[in-house]
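# Report on the structure
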Amino acid sequence: MWKLGKKMTALVLGALLACTLGAGSAWAETVAPETVDISAPSLVFDGDPGSDDAFALFLLQKNGQGPDLALATFGNAPEKQTYANTVLLTKALDLKMPVLPGADRPYKGKKLKAWKGGFNGDDGLYGISEAWRKKLGLSKNQLESSEDLDLAKKQLKQLHHITYIATGPLSTLAELVQDPDLKSRIDKVYIMGGNLWEDLGEGQNEFNFSRDPKAVDQVLKSGLDITLFPLDLTNSQIIDEPEIQKLAGYGTYPEFIELLRGNQAAHAQRGMENAAVLHDIFPVLYLLDPDQFTGEDKKLAVDTGTGALTEAPDGATVHVVLGVNPRTQWRALERAFQKQ
């Protein structure tokens, strides 16, 4: 941590980091404070946008909870696209924070081949990212970065008492917790991922955990204070057609209505209910009002081949959220769409 006797060192290193960020990442912003308040809490968002990741950021901004740092991990799209999507979203929401690349591959693994036609479309945002970019007047260069996870590690070491929200594969977090200094700065971790009892069909497991099971294993064994939001919870909360129509009627955020419609259509095309499901907003809803939720501590282990979760006597202790006031999601979305 910085001390007052090292004020000049902090200023010089902070300025150097700002120059690095400016040169390598068009949307990475940082400020070099003269002193650091080590008692101040910090919020880090690690996602792979994704329509539901987009709504997680949307609700954070609408509730005055803008993160101190956003990390873009591969997942719903390759890492370059998830980085571009994160920058696009922070610009659209006027979130003033650094956006940095996270992991571009599974923990200790090889980079995955790009794929097409995922649940969130080729661009991760149901095909609207390019039109949205042009509407916001962003150049393609502003949605690119030449940096890697090392810069994120340096930026994280400026933060203290971190609440870390992870809504994509845990590859970035698995790498970060290998550094004892970084791990010691993380007070709480909120993870959307996994499924305990939710039946996804034979051989199927939740997307985030199945993309990098070894990363899940590393995070569970890290000893961090983890709160988990599994599909058993998130799949039970839908946004149906009348609710989507009501949100659209406010006329406030048309691109987010497009994301809801895309999410709804993707579920319907796969034979599911004709409704949107925003898994990744539940860590945010919990952050805003944990009293609306119920859960219990469980000892969990993960299959490092498939990402399947099981209860195990020698597993890691995790607080698993399994219940929520059924009006919590709707109230939060309606309030957000009513705000200009």
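For the structure, see preceding data.
The structure contained in this document is the topic of the report that follows. Keep in mind that this is a model prediction, so the values were computed, not measured.

## Here we look at the sheet that holds strand β8 (residues 309-311)
Pairing between sheet strands relies on hydrogen bonds along the backbone, with the strands arranged either parallel or antiparallel. The strand order across the open sheet built from 9 strands is β3-β2-β1-β4-β5-β6-β9-β7-β8, with neighbouring strands paired in mixed fashion. The open sheet has two edge strands, β3 (99-101) and β8, and neither has a second partner. For this sheet, the mean inter-axis angle between neighbouring strands, taken without regard to orientation, is 30°. Bridge count for strand β6 (residues 226-229) against strand β9 (residues 316-324) is 2 bridges, and the pairing is parallel. Bridge pairing in β9 places L228 opposite V320. Together, β2 (69-72) and β3 form the strand contacts of helix α3 (residues 79-92), whose direction differs from that of β3 by roughly 175°. Contacts between helix α9 (residues 213-220) and the sheet are confined to β5 (186-192), β6, β7 (293-302), β8 and β9, with β7 contributing the most and set at about 110° to the helix.

## Structural notes on the nonpolar core
Here is a general trend for soluble globular proteins: nonpolar side chains tend to be buried in one another's company. One finds F55, F58, L59, F256, L259 and L260 to be the most contacted residues of the largest nonpolar core, which totals 54 residues. In contact with L59, not counting residues within four places along its chain, are I281, V284, L285, A332, L333 and A336. Listed in part, the 37 residues of the second largest apolar core include L69, A215, L300 and L309.

## Re helix α14 (residues 328-338)
Of all 11 residues that make up α14, 8 are buried, and the element is covered over most of its length. Turning to α14, its buried residues number three or more, namely T328, Q329, W330, A332, L333, E334, A336 and F337. Those residues of α14 that are buried lie in contact with α2 (51-62), α11 (241-249), α12 (254-269), α13 (282-288) and β9.

## A word on unusual backbone geometry
Both trends apply: most residues other than glycine have a negative phi, and most peptide bonds are in trans. Cis geometry is adopted by the peptide bond preceding G50, which originates at P49 and carries an omega value of -10°. In the Ramachandran plot, K108 falls in the positive-phi region, its phi being about 60° despite a non-glycine side chain. Judged by relative accessible area, K108 falls into the exposed class, the value being 71%. The backbone phi angle of H161 is positive, close to 50°, even though this residue is not glycine. For H161, the location among the structural elements is in the loop between α5 (149-156) and β4 (162-166).

Definitions and limits used
- Residues numbered from 1 in each chain as written.
- Predicted model: local features only at pLDDT ≥ 70, side-chain atom pairs only at ≥ 80, totals over all residues.
- Heavy atoms only, no water.
- Pairing = 2+ DSSP bridges.
- Helix = DSSP H or I, 4+ residues; strand = E, 2+ residues; numbered from the N terminus.
- Axes fitted to C-alpha atoms, helices over the stretch in contact; angles between N-to-C directions.
- Contact = heavy atoms within 4.5 Å.
- Core = buried A, V, L, I, M, F, W, Y, C linked by side-chain atoms within 4.5 Å.
- Buried < 20%, exposed > 50% of the residue type's maximum accessible area, 1.4 Å probe, protein only.

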